[in-house]
Amino acid sequence: MALPDGGISGEEVSFPEIIELNVGGQVYITRYSTLTSVPDSLLWEMFSRKSTKGLARDTKGRFFVDRDGFLFRYILDYMRDQQLVLPDHFPERGRLQREAEFFNLPELVKLLAPKISKQNSLGDEGCQSDPEDSSPGIDVARSLGSLGAAAAACASLVPGAADGKRSGFITIGYRGSYTLGRDSHTDAKFRRVARIMVCGKTSLAKEVFGETLNESRDPDRPPERYTSRYYLKFTFLEQAFDKLADAGFHMVACNSTGTCAFAHEQTDDKIWTSYTEYVFYRE
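Residues numbered from 1 in each chain as written. Predicted model: local features only at pLDDT ≥ 70, side-chain atom pairs only at ≥ 80, totals over all residues. Heavy atoms only, no water.

A. Spotlight on helix H8 (residues 237-246). For H8, the complete set of buried residues consists of Leu237, Ala240 and Leu244. For H8, the angular spread of buried residues about the axis comes to 65°, placing them on one side. Within two residues after H8, glycine 248 carries a phi angle of roughly 95°, on the positive side. (Buried < 20%, exposed > 50% of the residue type's maximum accessible area, 1.4 Å probe, protein only. Helix = DSSP H or I, 4+ residues; strand = E, 2+ residues; numbered from the N terminus. Arc of directions from axis to C-beta.)

Put into structure tokens, the structure is as follows:
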């Protein structure tokens, strides 16, 4: 919970050399000079004032900023030396550009903006083309032929690109528990699902689950790499199955294991824990 700074004694307290930030729940520790390195930026305005009065703080006294805590690492890196260094196949470029706009970093916004090359392709944004050619005097038939060749090249690079869908596997897993009584009747609330995990290729998982996919445990995974660290923001298996079915996937295998974790001394009720996986495939 963020608290206003008014409750801290000495409202005219200046900023220390080392500053702790809480950005969307992620804690960062950096120098005062780093936060004020870009004039007129939002962080410069926050920390170039004469006192800490008016700045929000969390319960531990850290300065609080209600933004994406995982993407802020790249904002802070840029403010250290005004250079942009991103992982290969960085999938969050658009979201990072939005964060740069919020923190009022116009040069970083320019670096993140898609760049159109002379071949009408967007740099770092995959195989895309611009149907309009601004150069005068170029033959229309030649332009259309170039566009057709570029589209064919893009399609050849991606399996299944002709219909917009890629083949591949996605595995859904969950740990659950249920109670088995003396009369072999399971508890009405037998399936207690704490988290639904997603394993497979990053691009497929994002295509199927979209905004319902929690990527916080593996935020920088390139789209063509595989991960087993994603999980869903909901806990209904049927909802996950519906999304997979809507995307053209069908179940090809499943397995489950169970162990008795606890037995009640008086009622003989047994609490079982299980791990179950469902494997889905799209041709």
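B. Geometry of the pattern of salt bridges. Under the definition given, this model contains 14 salt bridges. Across the pair glutamate 215 and lysine 206 runs a salt bridge whose closest N-O atoms are separated by 3.4 Å. Exposure remark for lysine 206: the relative accessible area of 22% places this residue in the partly exposed category. One network of salt bridges, with partners in common, ties together Asp68, Glu92, Arg95, Lys206 and Glu215. (Salt bridge = Lys/Arg side-chain N within 4 Å of Asp/Glu carboxyl O.)

C. Spotlight on the packing of aromatic side chains. Taken as a whole, this structure holds 11 aromatic pairs when the rule is applied. Relative to phenylalanine 63, the ring of phenylalanine 47 lies with its centre 5.3 Å away and its plane at 90°, an arrangement referred to as edge-to-face. One end of the pair, phenylalanine 47, is in helix H2 (residues 42-47); the other, phenylalanine 63, is in strand S3 (residues 63-65), and 16 residues separate them in sequence. With relative accessibility at 0%, the residue phenylalanine 47 sits in the buried group. Plain terms: the ring middles of tyrosine 74 and phenylalanine 90 are 5.1 Å apart, the flat faces sit at 70° to each other, and that makes the pair edge-to-face. Note that tyrosine 74 is positioned in helix H3 (residues 72-81) and phenylalanine 90 in the loop between H3 and helix H4 (93-102), a separation of 16 residues in sequence. Looking at tyrosine 74, the relative accessible area reads 7%, which means it is buried. (Phe/Tyr/Trp six-rings, centres within 6.5 Å; stacked < 30°, edge-to-face > 60°.)

D. Geometry of the nonpolar core. The biggest cluster of nonpolar side chains holds 29 residues, and the ones touching the most others in it are Leu21, Leu43, Phe47, Phe72, Ile75 and Leu96. Residue assignment for this core shows that the elements contributing at least two residues are strand S1 (18-23), H2, S3, H3, H4 and helix H5 (106-112). With six residues, H3 is the largest single contributor of residues to this core. With residues near it in sequence (within four places) discarded, leucine 21 still touches Gln26, Val27, Tyr28, Leu35, Phe47, Arg62, Phe63 and Phe72. (Core = buried A, V, L, I, M, F, W, Y, C linked by side-chain atoms within 4.5 Å. Contact = heavy atoms within 4.5 Å.)

E. Just the confidence of the model for the protein chain, in detail. In this model, the protein chain carries an average pLDDT of 78, and 69% of its residues clear a pLDDT of 70 or more. Segment residues 6-10 is flagged for pLDDT under 50; beyond a separation of four residues in sequence, or across chains, it makes two contacts in the model. Here residues 158-162 is modelled with pLDDT under 50, and outside its nearest four sequence neighbours on either side it reaches five contacts, counting other chains as well. (pLDDT = per-residue confidence, 0-100.)

F. Layout of the pairing of strand S2 (residues 26-31). Here S1 runs beside S2; their pairing, made up of six bridges, is antiparallel. The residue of S2 that forms the bridge with leucine 21 is tyrosine 28. (Pairing = 2+ DSSP bridges.)

G. Structural detail: unusual backbone geometry. At aspartate 40, a position not held by glycine, the phi torsion is positive, near 70°. Mapped onto the elements, aspartate 40 comes out in the loop between helix H1 (32-35) and H2. Within the chain, asparagine 104 stands out as a residue other than glycine whose phi angle is a positive 55°. Exposure remark for asparagine 104: the relative accessible area of 38% places this residue in the partly exposed category.

H. Up close: the environment of aspartate 66. Along the chain, aspartate 66 turns up in the loop between S3 and H3. When the C-alpha atoms of aspartate 66 and alanine 56 are compared, they prove to be 9.6 Å apart, with 10 residues separating the residues in sequence.

I. Representation of the side chain of arginine 57. Tracing the backbone through its elements, the reader meets arginine 57 in the loop between H2 and S3. A relative accessible area of 13% means that arginine 57 is categorised as buried. Engagement of the side chain of arginine 57 in a polar contact is seen with the backbone oxygen of glycine 61, the distance being 2.6 Å. (Polar contact = N/O pair within 3.5 Å; in protein donor to acceptor, adjacent residues only side chain to side chain.)

J. Helix H7 (residues 202-209), seen in detail. Counted residue by residue, H7 has six buried out of eight residues, so it is predominantly covered. Residues of H7 that are buried include every one of Thr202, Ser203, Leu204, Ala205, Val208 and Phe209, and no others. Taken from the residues just after H7, glycine 210 is the one with a positive phi, measuring 55°.

K. The sheet that holds S1, seen in detail. Taken together, three strands build an open sheet; the order of strands is S2-S1-S3 and the sheet is mixed. Sheet topology places S2 and S3 at the edges, where each strand pairs with a single neighbour. The sheet shows a mean angle of 30° between the axes of neighbouring strands, taken without regard to direction. Of the strands in this sheet, S1 and S2 are in contact with H3, which crosses S2 at around 5°. (Axes fitted to C-alpha atoms, helices over the stretch in contact; angles between N-to-C directions.)

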